[in-house]
Amino acid sequence: MRELVLASTSQYRKLLLARLALPFDVRAPDVDEIAKPGEGPPELAARLASEKARTVTDPGAIVIGSDQVASVGGQVLRKPGSHDAALRQLAACQGRMAVFDTAAFIIDNRHQRCWQTTDRTEVYFAELGRDVLDAYLRREQPYDCAGGFKAEGLGIALFSRIRSDDPTALLGLPMIWVASTLREAGLDPLGTADSSPASGSR
C-alpha cells in the first residue's frame, strides 16, 4: 500500500490530487451521507470528510477525506442525478448566490495526528433562460456534480462571479491547503514529488 491514500470515489478529487505528482492509492469509503438533525451544510461537510478519512485504518497511511455540500439559502443542493432534476435545480439558482462548503480532513495514522479545514466558496449565478440551461445540461451532462454543473468545464459560463480563497475547492478538494498540510505531515510535493505520468493511477 502507498503511504498516501485518498478516501474517495470521486474522479474529480482523484484528478486534483494527481496534480501534486505524489503516488497515492484510492479507497472507497463506506459512509452514510445523510445529515443529522440540526446539522448545517458546513458541519455536514466537515463530519463526512472526517468519517471518510477515518475509514482507512492502515497504520502506515496518511489519509485524505473530503466532502462538499452546496446550498442556496441554507437549502442543500444535491447531485441531481437526472436531466430534469438538474434543470429544476439550476433554474431555482438563477440570480442567486450558492454556497459551496468544501471540507477536507487529513489524518496521519503513523503518528495519530490530524488536520481539518472547510473552505467556503460563494458562487453567484447569472440570470439565464431555461432554454439556455437546458442546452448547457445536454452538452455537459453534469448530473453527478453537486449543484448540477461542472465549474472546471462549460459550467463556468453559468456564473457572474465566484468568491473563494482557493479556486480548486469548488472542484472538490482545496488543493492549496492539502499541499501545505501534506508538507507539514512530511510529504512535500515540491521536494519528493514523483513526476511519473502514472502517479495517482491504480
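Higher on the page you've got the structure.
## So, the packing of helix H3 (residues 83-93) against helix H4 (residues 130-140)
One can describe the packing of H3 onto H4 by two numbers: an axis separation of 10 Å at closest approach and a directional angle of 135 degrees. The orientation of H3 with respect to H4, classified from their angle, is oblique. The element H3 and its partner H4 pack so that their crossing is right-handed. Contacts between H3 and H4 involve His83, Ala86, Leu87, Arg88, Leu90 and Ala91 from the first element and Arg130, Leu133, Asp134, Tyr136, Leu137 and Arg138 from the second. For the contact of H3 with H4, the class distribution of residues is 7 nonpolar, 1 polar and 4 charged.

## Considerations on the packing of aromatic side chains
Across all of its chains, the model carries 4 aromatic pairs by this definition. Ring geometry for Phe125 against Phe149: centres 5.9 Å apart, planes inclined by 80 degrees, an arrangement best described as edge-to-face. Of this pair, Phe125 sits in strand E6 (residues 113-125) while Phe149 sits in the loop between H4 and strand E7 (159-163); the two residues are 24 residues apart in sequence, bridging distant segments of the chain. In this structure Phe125 comes out as buried when scored by relative accessible area, which is 4%. For Phe149, a relative accessible area of 4% translates into the label buried. Ring geometry for Phe125 and Phe159: centres 5.4 Å apart, planes at 85 degrees, overall edge-to-face. Here the residue Phe125 occupies a position in strand E6, and Phe159 occupies one in strand E7, the gap between them amounting to 34 residues. Take Phe125 and Phe159: they sit in the same class, and that class is buried. Taken together, the aromatic side chains of Phe100, Phe125, Phe149 and Phe159 make up a single cluster linked through ring pairs.

## Quick notes on helix H1 (residues 11-18)
Taken residue by residue, H1 has Arg13, Leu16 and Leu17 as its buried positions. For H1, the arc enclosing every buried residue in end-on projection is 95 degrees, short of the 170-degree limit, so these residues lie on one face. Opposite the packed face of H1, turned more than 90 degrees from it, sit the exposed residues Gln11 and Leu15. With a side-chain oxygen lying 3.2 Å from the backbone nitrogen of Tyr12, the N-terminal cap of H1 falls on Ser10.

Reading the values: the criteria
Residues numbered from 1 in each chain as written. Predicted model: local features only at pLDDT ≥ 70, side-chain atom pairs only at ≥ 80, totals over all residues. Heavy atoms only, no water. Axes fitted to C-alpha atoms, helices over the stretch in contact; angles between N-to-C directions. Helix = DSSP H or I, 4+ residues; strand = E, 2+ residues; numbered from the N terminus. Parallel < 35°, antiparallel > 145°, perpendicular 65-115°, else oblique. Left-handed = near helix turned anticlockwise from the far one by under 90°. Contact = heavy atoms within 4.5 Å. Nonpolar A, V, L, I, M, F, W, Y, C, P; charged D, E, K, R; others polar. Phe/Tyr/Trp six-rings, centres within 6.5 Å; stacked < 30°, edge-to-face > 60°. Buried < 20%, exposed > 50% of the residue type's maximum accessible area, 1.4 Å probe, protein only. Arc of directions from axis to C-beta. Polar contact = N/O pair within 3.5 Å; in protein donor to acceptor, adjacent residues only side chain to side chain.

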